[in-house]
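As a plain string of letters, each chain reads:
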Amino acid sequence: MDREDQRRFFVIGSAILEVVTPVFRHKLENNYTNHGVACLRDYLNSQPVVHTLFHLRHRYMTCCKDNGNCRSNPTLPINYCQWDLLYTENPGPGQHYCYCKYTAKSVQLEDLDITLAGLILLNCCTLGPAEQQAIKMLRQYKNDYLSHNTKCGITKPEYDALWPHLTNFVLQLDPTKQDDIVRIKNRPMDESLCTKYFIDLLDVHKQLDQIALTVQELNSTFQTLSTTVHGLNTSLQGIGWNMHGSFQGVNTTLQGIQTTMDKLLYYAEKGVTCTCQRENHDTHRQQRKSYKLGQDIFYQIHQFTTVSCSTVFSYSKAVITNDGHVAYIQWDRYSIDIYSTDGSHVDTIQIQNMPWDMTLFNNSTVAVTLFICDRIDIWNINNRQKVKSIQLSTSCYGITTINNKLVVSCPGGLLIIDPQTEIVEKTIDTGNCTPIRLCGSGDSIFYTNESHSLYHYSHFNNKITKVKLSSQPFDVTTLQDGSVYVICDDGSVQHVSSDGKKYKHVTTKGLTSVGIVWGISYNPVQKKLVILDDDSTTVFNEC
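Residues numbered from 1 in each chain as written. Predicted model: local features only at pLDDT ≥ 70, side-chain atom pairs only at ≥ 80, totals over all residues. Heavy atoms only, no water.

What follows deals with the sheet that holds strand β10 (residues 375-380). Here we have four strands laid out as an open sheet, ordered β8-β9-β10-β11, and antiparallel in their pairing. Unpaired on one side and paired on the other, β8 (357-362) and β11 (385-391) mark the two borders of the sheet. Across the sheet, the mean angle separating the axes of adjacent strands is 25° when strand polarity is ignored. Of the pairings in the sheet, the one linking strand β9 (residues 365-370) to β10 comprises six bridges and is antiparallel in character. Looking at the pairing, Leu370 lines up with Arg375 of β10. (Pairing = 2+ DSSP bridges. Helix = DSSP H or I, 4+ residues; strand = E, 2+ residues; numbered from the N terminus. Axes fitted to C-alpha atoms, helices over the stretch in contact; angles between N-to-C directions.)

Our next topic: the side chain of His495. Checked against the element boundaries, His495 lands in strand β22 (residues 493-496). Polar contacts involving the side chain of His495 include one to the main-chain amide nitrogen of Gly294, which spans 3.0 Å. A polar contact of 2.9 Å, which involves the side chain of His495, links it to the side chain of Ser483. (Polar contact = N/O pair within 3.5 Å; in protein donor to acceptor, adjacent residues only side chain to side chain.)

Take the environment of Pro48 next. The topology assignment puts Pro48 in helix α3 (residues 47-57). Along the backbone, Pro48 and Asn69 are 21 residues apart, and their C-alpha atoms lie at a distance of 9.4 Å.

The phi torsion of most residues other than glycine is negative, and most of the peptide bonds are trans. Of note in this structure, Asp374 is not a glycine but carries a positive phi near 55°. Mapped onto the secondary structure, Asp374 falls in the loop between β9 and β10. Of note in this structure, Glu422 is not a glycine but carries a positive phi near 65°. You can see Glu422 is positioned in the loop between β14 (413-417) and β15 (424-429). When its relative accessible area of 34% is taken as the criterion, Glu422 is described as partly exposed. (Buried < 20%, exposed > 50% of the residue type's maximum accessible area, 1.4 Å probe, protein only.)

Once that is clear, we can look at the nonpolar core. By size, the foremost hydrophobic cluster in this structure holds 66 residues, and its most contacted members are Leu28, Leu44, Leu53, Tyr87 and Leu112. Broken down by element, this core gets its largest block of residues, twelve residues, from helix α1 (residues 3-33). Apart from residues lying up to four places away in sequence, Tyr87 is in contact with Leu44, Val49, Val50, Leu53, Tyr102, Thr103, Ala104 and Lys105. Tyr291, Ile297, Leu479 and Ile487 belong to the second-largest nonpolar core, a separate cluster that totals 16 residues. (Core = buried A, V, L, I, M, F, W, Y, C linked by side-chain atoms within 4.5 Å. Contact = heavy atoms within 4.5 Å.)

Glancing now at helix α7 (residues 156-173). Over its 18 residues, α7 runs 26 Å from end to end, which matches the ideal 26 Å to within 8%, given 1.5 Å per residue. At Leu162, α7 shows its strongest bend, of approximately 30°, with the proline Pro164 following within four residues. Inspection of α7 places Tyr159, Leu162, Trp163, Leu166, Thr167, Phe169, Val170 and Leu173 among the buried residues, and these make up the whole buried set. Buried-residue contacts for α7 involve α1, α6 (129-147) and α8 (178-185). (Expected span 1.5 Å × (residues − 1). Bend = angle between axes of the 7 residues up to and from the residue.)

It is worth spelling out the state of the cysteines at this point. Here a disulfide denotes one covalent bond, and it connects the sulfur atoms of two cysteines. Using the criterion set out here, one finds zero disulfides in the structure. Cysteine Cys125 remains unbridged, with the sulfur of Cys124 as its closest cysteine sulfur at 6.3 Å. (Disulfide = S-S within 2.5 Å.)

Considering the arrangement of structural elements, one finds Asp5 in helix α1. Here the alpha-carbon distance between Asp5 and Thr155, two residues 150 residues apart in the chain, equals 5.3 Å.

Here five bridges tie strand β6 (residues 335-340) to strand β7 (residues 345-350), and the two strands are oriented antiparallel to one another. Counted as the bridge partner of Ile338 is Asp347 from β7. Counting the residues that bridge the hairpin from β6 to β7 gives four residues, and of these Gly343 lies at a positive phi of roughly 105°.

For strand β26 (residues 536-542), the buried fraction is high: seven of the seven residues fall into the buried class. Bridge count for strand β3 (residues 298-305) against β26 is seven bridges, and the pairing is antiparallel. Its bridge partner lying in β26, Gln300 is registered against Phe540. Pairing between strand β25 (residues 528-533) and β26: five bridges, direction antiparallel. The residue of β26 that forms the bridge with Lys528 is Asn541.

Further remarks concern the pattern of salt bridges. If the charged atoms of two oppositely charged side chains come close together, the side chains can form a pair. In total, this model carries 17 salt bridges according to the counting rule given. The salt bridge involving Asp475 is made with Lys317; its shortest N-O contact spans 3.3 Å. In this pair, Asp475 sits in strand β20 (residues 473-478) while Lys317 sits in strand β4 (residues 317-320), placing the two residues 158 residues apart along the sequence. Of the two residues, Asp475 and Lys317, both sit in the buried class. (Salt bridge = Lys/Arg side-chain N within 4 Å of Asp/Glu carboxyl O.)

As a further point, take the confidence of the model for the protein chain. Chain-level statistics for the protein chain give a pLDDT mean of 81 and a share of 78% at 70 or above. Ignoring residues within four places in sequence, the model shows residues 265-287, a span with pLDDT below 50, making 46 contacts including any to other chains. Long-range and interchain partners of residues 309-314, a stretch whose pLDDT sits below 50, account for 14 contacts in this model, where long-range means more than four residues apart. (pLDDT = per-residue confidence, 0-100.)

Let us look at the sheet that holds β4. In any sheet, the strands associate via hydrogen bonds between backbone groups, in a parallel or an antiparallel arrangement. Spatially, four strands are ordered β4-β5-β6-β7 in an open sheet, and the strand pairing comes out antiparallel. The open sheet terminates on both sides in strands that have one partner only, identified here as β4 and β7. Taken pair by pair, the neighbouring strands of this sheet meet at an average axis angle of 20°, ignoring direction.

Within the fold, Asn382 resides in the loop between β10 and β11. Engagement of the side chain of Asn382 in a polar contact is seen with the side chain of Asp323, the distance being 3.2 Å. A polar contact is formed between the side chain of Asn382 and the side chain of Ser364, at a distance of 3.2 Å.

Right, let's get into the packing of α1 against helix α5 (residues 114-124). How two helices sit against one another is set out by the angle between their axes and by the gap between those axes. With their axes 9 Å apart at the nearest point, α1 and α5 run at an angle of 30° to one another. With respect to α5, the element α1 is oriented roughly parallel. Crossing of α1 over α5 shows left-handed handedness. Touching Ile16, Val20, Thr21, Phe24, Lys27 and Leu28 of α1 are Ile114, Ala117, Gly118, Ile120 and Leu121, all from α5. (Parallel < 35°, antiparallel > 145°, perpendicular 65-115°, else oblique. Left-handed = near helix turned anticlockwise from the far one by under 90°.)

This part covers helix α9 (residues 191-201). Cys194, Tyr197, Phe198 and Leu201 are the residues of α9 that are buried. An end-on view of α9 places all buried positions within 105° of arc, on one side of the element. As for α9, its buried residues are in contact with α1 and α6. Its side-chain oxygen placed 3.1 Å from the backbone nitrogen of Leu193, Asp190 serves as the N-cap of α9. (Arc of directions from axis to C-beta.)

Below, the structure is given as C-alpha cells:
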C-alpha cells in the first residue's frame, strides 16, 4: 500500500468516525426526545427498549413481564462489554432472571460507537425502510473496509466504488452533512491522526485469530525443518567433523527459532482468549481491578436451597455461566442442575456417570470430569445438549481452563488438553501430590490436595511452589486480578496473591465462617461469586 492508499483509508475512516457516528447518535437522540423522553438513560430504562436489548444479549430467557414478546435470537449481536456499558444488575432480591433485574447506567450518547448506536437504532427505534437500509449499509462499510483492514490502505478502485454510496447514505440520513463530506474528501493526510483512527477502527480480535493461525503454520514448518536437519546431521556423522559441526550450528539456530515461535504462539493464543470490546483498547485494562489481599470485594445478594447430597462425602460444585445461570453438580445424583442466580430452578441434565468437578469452558458451556470412567463431558447449558466427550487413559479429578485449553488433574500430575483435537499437549509432573481441585489464573495453575498447602504452577517457567494455609483447602477460584479465593475446611476463605506466595483471611460478611463449603467459583463477565455447601447456594455481587 502506498501513501495515496493510506490517505484513502484516512478519508473513509474520518467519514465513519467524524460524520457517520455523530449522525447515528443524533438520530437516536431525536427518536427518543420526539417521544417525550428526556435523556438516553431514561430511554434505555423504558420497558420496550430494555426488553428488546436484553434478548439481543441473552438467549432462552422468558421474562416475568411482557413474556409474549420474548425472543430467542439465533445470534447475539450485543456483546458482553456493550451490555455492561449500558446496564447494571439490581442487587436486591427478585423472583426472575430477566430484563426487570437491570437498570440503565448513566450512559451518554458519546459513549456509543457506530456499532452499538446502529444496533439500538435498528432494533428499538421507528425507522423508514430507506433509513434502515442506510444504517445497515454504513455499518457494513465500516466492517468491510476498516475493521479487518490490517494494511491501513484502500486502493483507488475500491475507493471510487465505495465513496459515492457512502456519501449517498450519509446525506439520506442527514442532508446537512454535505459540507462535512466535501471537507473530509479533500483533507490532507495526517499520519498521526490516521494511526489513531486505524487503531480505533481495527477489529483486533480477528487479527489475533489470524496471528495465532500464522504462528501455528510457521511453528509446523520449523518443526519439519528441524526434523530434516536432524536426519542429515545423523547421516553425516561418519563423513567429517566440519560438516557435522556446520549442521549442528544450523540445528542450534532452528532450535532458537523454535523457542521463539513457541513463545509467539503462546502469547498469540493468550490474546485470542480476550473477549472485551476491541474498538476501545483500554476497556479491559480499565475494568481489570487490582485487589489488596483480604479487602471486601463482594456482597451477598441471594441464598437459595439446593438438593442435599445423600452421602456424607461430597464433591459438589457450582459455576456461574456468562449468561447468568448457576450450573451445579452433585456426584451421587449423576446430574447437572441449572438455576437462575435468584434461586429459581431452570432444568436438570442427567449425566451418565459420577461427576467429580466442573469448570466453565466457553460462555454457556461447561466441562465435567467423570473420574470413574476416565472421561470429560462437555455440555451446553442453554440447549441441554452434550457437545462432546473426551476419553482419557487415566483417572481424572479436578478441571479448569488456561489459554483456551482444558487442564485436568490425574494421579501425580496435570494434563493440558486441546479440546478441539483431544490431544494431551503437555503433562505436568506434580510428584507424589495428586491435585484434587484446581483453577487457571493467567499463566498459572493453582491446585489443592489432601494437605494444608495450596500449590502454584507457573506455565511460563514450569516451576511449582506452595504456600501453607491455616487448614486444608477444599476449592479455589480466580478473581479478576489473577489472585485467588480459597475455601478451607475450617470454614474460612483465604485470599492468595497471584504468585501464590502470600495470603490473608477474608472477613467479608457471608464469607466468614461459612461452614463446610464444597465449591467456590467466580465469573468475571457476570462479576459474581458463588459458593456451595451441602444444601444451599449463595451468590455474591462484586462491589
